[in-house]
Amino acid sequence: MTASGVSTHCPYCALQCAQALTPVAGGVEVDGRDFPTNRGGLCRKGWTSAAVLRAPDRLTTPLVRGTDGALRPASWEEALDLVAERLLRTRQVHGADAVAVFGGGGLTNEKAYQLGKFARVALGTANIDYNGRFCMSSAAAAANRSLGLDRGLPFPLADLGGAGAVLLLGSNLAETMPPAVQHLAGARARGGLVVVDPRRSATARLVEGGQGLHLQPVPGTDLVVLLALLHVVLAEGLADAAYVQERTSGLADVQRSVAAWWPERAERECGVPAGLLRRTARLLAAASPTHGGPGAYVLTGRGVEQSSQGTATVTAAINLALALGLPGRVGSGYGALTGQGNGQGGREHGQKADQLPGYRMVDDPAARAHVAAVWGVAPESLPGKGLPAVELLRSIGTDGGPRALLVHGSNLAVSAPNVDEVRRRLRGLDLLVVCDFVPSETAQLADVVLPVTQWAEEEGTLTSLEGRVIRRRKVLDPPDGVRSELWVWSELARRLGSPGVFDTDPAAVFDELARASAGGRADYSGLSHERLDTGEALHWPCPATSGAPHPGTPRVFTDRFPTPDGRARLVPVDHHGPLDDVRPDAPVYLVTGRVLQHYQSGAQTRRVPELAAEVPQPWVELHPLLALRLGVEDAAPVRLTGRRGRLTAAARVTDTIRPDTVFMPFHWGGAESVNLLTNDATDPVSGMPEFKVCAVDVQAGAPRGARA
Amino acid sequence: MTRVVVVGNGMVGSRFVEDLLAADTAGRFTVTVLGAEACEPYNRVLLSEVLAGRYGLGSLTLPTPQDPRLDIRLGTAAVAIDRGDRSVLDTDGVRHRYDRLVLATGAAARIPPLRGLAPDPATLPRGVHPLRTIDDAREIVAATLNARRAVVLGAGVLGLEAACGLADRGVHVTVVHPAPALMERQLDGDASRAVEAAMGSLGIEHRVGVGAEEVVLADGALTGVRLADGEVLAAQLLVLATGTVAATALAADAGLATDRGVLVTDALSCAADRRIHAIGDCAQPPEGGSGLVAQGWDQARRLAALLSGAAPAVATRDATGNDVVRLKANGLDVVTMGVCGSQRPDDKAHRQLRLSDPAAGRHVEVVVSDGVLVGATCVGDAAVGADLVATYTRRTPVPADPAYLLLPALPTGEATTAASPADLPDSATVCRCNSVTKGAIAAQWEHGSRTVEELAATTRATTGCGGCTQEVCDLLTWLGGRTEASQNVPMEGEMRFTPGKHTIHSAETSAS
């Protein structure tokens, strides 16, 4: 596809499909642009993305909550003075950690970096975390522990094309990032796509007609599937012994731990027939290099990661990949499919409670010294580890917890688990400041709303799911009254009397980010907007050099793993199952997920007329046998009741879901939010909440309007 | 510091130690393990896989925690318990003092009373082997090198798995079982017939309802097995799978009550001495011992919770699902749970439904009570078996009509064939990425779109993942044919008989 116009990328997911945007009267025109990830293709969200620029309720002026409780327009001067004054007062009375910051995986690298710096330097608070905690934290924790590095895909996405087998766990990419399906064509043609999902999702349907296998486990038991697959690989002598010997440590303990997970026992826990588990393990092994196969991949998504055993599940996936000799081999590997647009870059540059830029740890003295020097402050002035997202949200507004919260690029009032409690907590704050471009559900709860730029109105970079740093470019001016967040932080820093410099030019901020990341795990020091503008494909790490520029690293781990001994670690893990499990008064599992037409909390896509018209509201998917038992007809209301809340939505009866499970998409707010029910219990390692499975009672609901 | 001595380092003893050390976050315990076998703990359940040649012995080794609180003595058995002194004497003459003693001594293979066999397992003739330990498995595998024909005596789970394993190795196997049904604790006659038929297709013979009487020997080696009806089955290998005897001698000698096993309370302790516990195959809890490892592991978990204080004094007993019996054998899909077999109690509240399909080797029975699955037998249908286990162990409500449980709830989708364009309704989505329906494409055809590119420009079909390109081509071809047909009636006959032309046309379209 040839395209004129400005070269940039889609505003939504981590696939970051390449687009060409042409300014036209009243907005921009979108076209697909050839690029290795999307090959010119766009999904419905990408094609219609320009509509968000013209959202009729676009925020164009700061809003301040008046004494009457309503938000009223205010000048930037007034709003920023107010915010600064109240932040200073909060800090004086309650201490620096009483101001908290919540970021987002959709922010550009520049903004993510500057937000972390703003929190540590201008606010002096340890309490900064972000919605990536709900997204990539389990995959990140497991990859760091096992492989020494967390780069979602440690290889270019297009590498998948040559594989003989792809094991996809907890990802519905045919709905969440449709153009990525192209890269599965090779594995499908070889009969090697294996999809693990309690639903026969659009992605699971890709295996039909002999193109692979679909494993449909009981929700919350994906870990058991993986333990059984590894059991078969090791017990049947299918592992890559030479690779395991040369490149890993810890096999003996892991082999013993999975000796207890023979397929028939696993079947009892996960509901997947033992024979299918064996067949899957053998299929993966046959495609692996050690058996002369064309290559195999193990990929995980949120479906298995958003669990109280999410880190363990990803660890088991990595163990399986390591036993088969996949990571670090060209044409094979393990990867996590990053979700949010900048979910990768957003977790590398300092938005996380325990991290500084360059994927450095905040409690590492050398990291602190390096970053403090770049920021021009004393290392001891930098705060330490803050609270991870769920704990942070639980503590806000409570005695001893943060009293003020700044929210950037996140719609917590829809996207957080156990969301009614989060809404209560947000209302209990002394000060809630939300930066957004539309009046999201969270913005509507704020004391101060600051209107900021979006997507085609700004310059910056994002790091896509394959670790490639790409340019987002400005196509048109933002509406009058809208400012960039870089400007907002610079203004606030000045008012707060902050040390350090807060640049407002994205290219300058990127250069500073590059210096701050130098020597870190995610080293961007060899990159600049100028270099990226040449169109060169640059994946991090890309360190600065004195001679010829570093070519970037499309494939990591090829020589060694960035661990102290250069080996990947096999780490034993075990299964405990969902913390909110089925019981007589809640005998049905609830799982959640996305639909093609909407993105995350829906704040953007629900404002795109075409998308909103197609999928205007959520529904509850249930099996005909469950519907029959409850006397629920298709499209009739059903009521879900769980430990944390209840809701009513329309039934969608389909035999693609297990009879013991219901599904509901999560893109809606208010009484339509499935997060009223989801569990905020967390993974002990990653802090990831258990979004993906809880127990509910399901009943035929009263028709709309008939409720008391 | 609480001193715990564990006698037995098998599947249940070693699991208990793992669970206890994990639960002991305060570091209050020291644990001494006496393991009679010289090797590390291993997964006995998988011995039949070794027999089948699928697994190496190394794959069976189970975890042993590396922990300063733990002292493991391999190849050291317990000789006696001195309850007054609260100590255990081992074969090395060492005395181990305990505050808590956990007996996990397991069970030994039962040697059946056949003529020609002494009850002492150490004196079995050549060619006769029980299957209980890793050494037994090793010896049987060695014996298969010279054995063309084998008899497996006893058709419980172990016997059937062993028979399948030997058959996988190419040995001609006959299963001999005195009861009227195979796995008679789990299967009734009809279910047994279905399994017998499946065995037949694997080349495994059976003699059901006939016991063995004598081992026929020549020069001290097995040559055959004489049955109660006089038949002599020629065999160079006899595998004894005739049940187990709980190892209770240590407890009995110490004056503790034993029956089939060491009698223990709900708290898994001996009534006469609450410092002494028994778990696994050596124990006989109030609900009876099942001989299944799931029960033993559940006991290990509960006892660890009790001792570490992580649970109330009497841990809740959640035995649901511990009685699932799943045959692990290539080509035989058998799973049973709860109420099953011919010995089941007659309960008026039980609703029993069955699907009998001998020709397909399928037999499914479900027992439902109060809207919950309380028992099931499933032969020859792996998918239904897996669904039933999930339903049974989680006690999820059954369908309004429990007959639905007899068939798979989830179509596999493997047989799906693409519908021809003519069969699709107008509302059918052709391009998922961009939500384009057949109707929308047909409408654009009417407006003059004739190629994939033109349709892409007007509808965005094919502009996402591109996976629907072929479908769109087929649709274009069909739309073209439909138009031609309606405009030129004489063409109809040609169209019907020369579809090849149109196939070529669609290939050109997709390449353009």
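Small disclaimer: the values here were computed from a predicted structure and weren't measured.

### Quick notes on the overall build of chain B
1) Next: Across its full length, chain B carries 13 helices and 28 strands.
2) Next: Relative to the compact-globule value of 24 Å for 512 residues, chain B shows a C-alpha radius of gyration of 32 Å, a clear excess of over 25%.
3) Next: Along the first, second and third principal axes, the C-alpha set of chain B runs to 105 × 65 × 50 Å.
4) Next: Carbon and sulfur atoms form 52% of the exposed surface of chain B, whose accessible area is close to 22,000 Å².

### Considerations on the pattern of salt bridges
Residue and element names in this part refer to chain A.
1) Next: Enumeration over the complete set of coordinates arrives at 80 salt bridges over all chains.
2) Next: Residue Arg607 pairs with Asp57 through a salt bridge whose shortest N-O separation is 3.0 Å. In this pair, Arg607 sits in the loop between strand 22 (588-593) and helix 21 (609-614) while Asp57 sits in the loop between helix 1 (44-47) and strand 4 (63-65), placing the two residues 550 residues apart along the sequence.
3) Next: Here Glu458 ties to Lys111 by a salt bridge, and the two come within 3.0 Å at their closest N and O atoms. In this pair, Glu458 sits in the loop between strand 18 (448-451) and strand 19 (460-463) while Lys111 sits in helix 3 (residues 109-123), placing the two residues 347 residues apart along the sequence.
4) Next: Where salt bridges share partners, they join Glu77, Asp81, Glu491, Arg494 and Arg495 into one cluster.

### As for the sheet that holds strand 11 (residues 172-177) of chain B
All names here are of chain B.
1) Next: Spatially, the five strands line up as an open sheet ordered 9-16-10-11-12, and their pairing is parallel. For this open sheet the edge positions go to strand 9 (128-130) and strand 12 (205-208), each flanked by a neighbour on one side alone. Neighbour-to-neighbour, the strand axes of the sheet open up by a mean angle of 20°, direction not taken into account.
2) Next: Relative to strand 11, strand 10 (residues 149-153) is paired through five bridges, and the arrangement is parallel. From the neighbouring strand, Leu153 faces strand 11, where its bridge partner is Val176.
3) Next: Contacts from helix 4 (residues 157-168) reach strand 10, strand 11 and strand 16 (237-240) within the one sheet, and its direction differs from that of strand 11 by about 165°.
4) Next: Contacting strand 11 and strand 12, helix 5 (residues 189-201) runs over the sheet at an angle of about 150° to strand 12.

### Regarding the domain arrangement of chain A
All names here are of chain A.
1) Next: What the domain assignment lists for chain A is domain 1 (6-53), domain 2 (63-134 + 342-539), domain 3 (140-336) and domain 4 (588-700).
2) Next: Inter-centroid distance (C-alpha atoms) of domain 3 to domain 4 is 27 Å.
3) Next: Residue-level contacts link 27 residues of domain 3 with 24 residues of domain 4.
4) Next: The junction of domain 3 with domain 4 conceals about 2,000 Å² of combined surface from both sides, 55% of it contributed by carbon and sulfur atoms.

### Observations regarding the UniProt feature "domain: BFD-like [2Fe-2S]-binding" (unreviewed entry) in chain B
1) Next: The sites that carry the UniProt feature "domain: BFD-like [2Fe-2S]-binding" (unreviewed entry) are, in the present numbering, residues 430-476 of chain B.
2) Next: Summarising residues 430-476 of chain B: 53% helix, 9% strand, and an end-to-end C-alpha distance of 12 Å.

### Considerations on the UniProt feature "domain: FAD/NAD(P)-binding" (unreviewed entry) in chain B
1) Next: Per the UniProt record, "domain: FAD/NAD(P)-binding" (unreviewed entry) is found at residues 3-292 of chain B.
2) Next: When the span residues 3-292 of chain B is considered, its composition is 21% helix and 31% strand, and the gap between its end C-alpha atoms is 29 Å.

### What to know about the confidence of the model for chain B
1) Next: Per-residue pLDDT for chain B has a mean of 89; in total, 91% of the residues score no lower than 70.
2) Next: Here residues 489-512 of chain B scores under 50 on pLDDT; set against residues more than four positions off or in separate chains, the count is 16 contacts.

### Thoughts on the sheet that holds strand 2 (residues 18-24) of chain A
Through backbone hydrogen bonds, the strands of a sheet pair up, either in parallel or in antiparallel fashion.
All names here are of chain A.
1) Next: Pairing in this open sheet of three strands is antiparallel, and the strands run 1-2-3 from one edge to the other. Of all strands in the sheet, those with a lone pairing partner are strand 1 (6-9) and strand 3 (27-32), marking the two edges. Taken over all neighbouring pairs, the strand axes of this sheet differ in orientation by 40° on average, direction set aside.
2) Next: In terms of strand pairing, strand 2 meets strand 3 through six bridges, oriented antiparallel. When the bridges of strand 3 are listed, Gln19 appears paired with Gly32.

### Digging into the packing of helix 10 (residues 263-270) of chain A against helix 11 (residues 274-287) of chain A
All names here are of chain A.
1) Next: Interhelical geometry of helix 10 versus helix 11 gives an angle of 115° and a closest axis separation of 8 Å. You can see that helix 10 and helix 11 cross each other, and the crossing is right-handed. Packed against helix 10, whose contacting residues are Pro263, Glu264, Ala266, Glu267 and Cys270, the element helix 11 presents Ala274, Leu277 and Arg278 at the interface.

### Topic: the nonpolar core
Residue and element names in this part refer to chain A.
1) Next: Residues Phe118, Leu167, Leu320 and Tyr334 are the most contacted members of the largest nonpolar core, which totals 115 residues.
2) Next: Sorting elements by how many residues they give to this core places helix 7 (residues 222-235) first, with eleven residues.
3) Next: For this core, the two domains that each supply at least three residues are domain 2 (63-134 + 342-539) and domain 3 (140-336).

### Looking at the interface of chain B and chain A
1) Next: The interface of chain B with chain A comprises 52 residues on the first partner and 58 residues on the second.
2) Next: With both chains or domains summed, chain B and chain A bury close to 4,400 Å², and 55% of this area falls on carbon and sulfur atoms.
3) Next: Its largest share of buried area at the contact with chain A, chain B owes to Arg394(B), Leu410(B) and Arg460(B), together 14% of the area lost on that side.
4) Next: Residue assignment for the side of chain B that touches chain A shows that the elements contributing at least two residues are helix 7 (293-308) and helix 8 (382-394) of chain B.
5) Next: The leading source of residues in the side of chain B that touches chain A is helix 8 of chain B, at seven residues.

### Comments concerning helix 3 of chain A
Residues and elements named next belong to chain A.
1) Next: Here helix 3 is 15 residues long and its end C-alpha atoms lie 20 Å apart, about the 21 Å a rise of 1.5 Å per residue gives.
2) Next: Along its length, helix 3 shows its largest kink, about 25°, at Lys117.
3) Next: The element helix 3 is extensively covered by neighbouring structure, given that 15 of its 15 residues are classed as buried.
4) Next: Looking one or two places after helix 3, you find Gly124, whose phi comes out positive at around 70°.

### Quick look at the side chain of Thr37(A)
1) Next: Among the structural elements, Thr37(A) can be located in the loop between strand 3 and helix 1.
2) Next: Here Thr37(A) is in contact with Leu15(A), Gln16(A), Leu157(A), Pro179(A), Gln182(A), His183(A) and Glu466(A), once residues within four sequence places are set aside.

### Here's the deal with the side chain of Ser171(A)
Residue and element names in this part refer to chain A.
1) Next: Position of Ser171 relative to the elements: it lies in the loop between strand 8 (165-169) and helix 5 (173-176).
2) Next: Of the polar contacts made by the side chain of Ser171, one reaches the backbone nitrogen of Leu173; its length is 3.4 Å.
3) Next: When residues no more than four places from it in sequence are discounted, the contact partners of Ser171 are Thr203, Gly301 and Leu337.

### Notes on the packing of aromatic side chains
Residue and element names in this part refer to chain A.
1) Next: Inspection of the entire model under this criterion finds ten aromatic pairs over all chains.
2) Next: Aromatic side chains Phe134 and Phe691 sit 5.5 Å apart centroid to centroid with 80° between the ring planes, which places their arrangement in the edge-to-face category. Placement of Phe134 in the loop between strand 7 (128-130) and helix 4 (137-147) and of Phe691 in the loop between strand 26 (661-665) and strand 27 (694-700) is noted, with a sequence separation of 557 residues between them. As far as the burial class goes, Phe134 and Phe691 line up, both buried.
3) Next: Consider the rings of Phe510 and Tyr524, whose centres lie 6.3 Å apart with planes at 45°: the pair is tilted. In this pair, Phe510 sits in helix 19 (residues 506-517) while Tyr524 sits in the loop between helix 19 and helix 20 (529-532), placing the two residues 14 residues apart along the sequence. The exposure classification of Phe510 matches that of Tyr524, with both residues buried.
4) Next: Linked through ring pairs, Phe102, Phe134 and Phe691 together constitute an aromatic cluster.
5) Next: If you follow Lys117 out to its NZ or CZ, it ends over the ring of Phe502, 4.9 Å from the centre.
6) Next: Across from the ring centre of Trp487, 5.0 Å away, lies the NZ or CZ of Arg483, which sits over that ring.

### Some remarks on the environment of Gln309(A)
All names here are of chain A.
1) Next: Inspection of the secondary structure puts Gln309 in the loop between helix 12 (302-305) and helix 13 (310-323).
2) Next: With relative accessibility at 4%, the residue Gln309 sits in the buried group.
3) Next: In this structure, the C-alpha to C-alpha distance between Gln309 and Asp574, residues 265 residues apart in sequence, is 8.8 Å.
4) Next: Those residues in contact with Gln309 that sit more than four places away from it in its chain are Gly220, Leu223, Asp574, His575, His576, Gly577, Asp683 and Glu690.
5) Next: For Gln309, the side chain forms a polar contact with the main-chain nitrogen of His576, separated by 2.8 Å.
6) Next: A distance of 3.3 Å separates the side chain of Gln309 from the backbone nitrogen of Gly577, its partner in a polar contact.

### Here's the deal with helix 7 of chain B
Residues and elements named next belong to chain B.
1) Next: In this model, helix 7 (16 residues) spans 22 Å end to end at C-alpha, consistent with the 22 Å of a helix rising 1.5 Å per residue.
2) Next: Within helix 7, 15 of the 16 residues are buried, which leaves it mostly tucked inside the rest of the structure.
3) Next: Note on helix 7: the residue one or two positions beyond its end, Gly309, has a positive phi of about 80°.

### Some details on the packing of helix 7 of chain A against helix 10 of chain A
In helix packing, the relevant descriptors are the interaxial angle and the interaxial distance, both defined with respect to the helix axes.
All names here are of chain A.
1) Next: Running from N to C, helix 7 and helix 10 cross one another at 170°; their axes reach a closest spacing of 9 Å. Judged by the inter-axis angle, helix 7 sits roughly antiparallel to helix 10. Together, Val224, Val225, Ala228, His231 and Val232 of helix 7 and Pro263, Ala266, Glu269 and Cys270 of helix 10 make up the contact between the two elements.
2) Next: Each residue belonging to the contact of helix 7 with helix 10 can be placed in one class, and the counts come to seven nonpolar, one polar and one charged.

Thresholds applied
Residues numbered from 1 in each chain as written. Chains lettered and ligands numbered in written order. Predicted model: local features only at pLDDT ≥ 70, side-chain atom pairs only at ≥ 80, totals over all residues. Heavy atoms only, no water. Helix = DSSP H or I, 4+ residues; strand = E, 2+ residues; numbered from the N terminus. Rg over C-alpha atoms; globule rule 2.2 N^0.38 Å. Areas by Shrake-Rupley, 256 points an atom, 1.4 Å probe, with all protein chains shown as cover. Salt bridge = Lys/Arg side-chain N within 4 Å of Asp/Glu carboxyl O. Pairing = 2+ DSSP bridges. Axes fitted to C-alpha atoms, helices over the stretch in contact; angles between N-to-C directions. Contact = heavy atoms within 4.5 Å. Domains from an automatic or database assignment. Buried area = accessible area lost by both parts, 1.4 Å probe. UniProt positions renumbered as here; feature names shortened; annotations may be inferred. pLDDT = per-residue confidence, 0-100. Left-handed = near helix turned anticlockwise from the far one by under 90°. Core = buried A, V, L, I, M, F, W, Y, C linked by side-chain atoms within 4.5 Å. Buried < 20%, exposed > 50% of the residue type's maximum accessible area, 1.4 Å probe, protein only. Expected span 1.5 Å × (residues − 1). Bend = angle between axes of the 7 residues up to and from the residue. Polar contact = N/O pair within 3.5 Å; in protein donor to acceptor, adjacent residues only side chain to side chain. Phe/Tyr/Trp six-rings, centres within 6.5 Å; stacked < 30°, edge-to-face > 60°. Lys NZ or Arg CZ within 6 Å of the ring centre and 35° of its normal. Parallel < 35°, antiparallel > 145°, perpendicular 65-115°, else oblique. Nonpolar A, V, L, I, M, F, W, Y, C, P; charged D, E, K, R; others polar.

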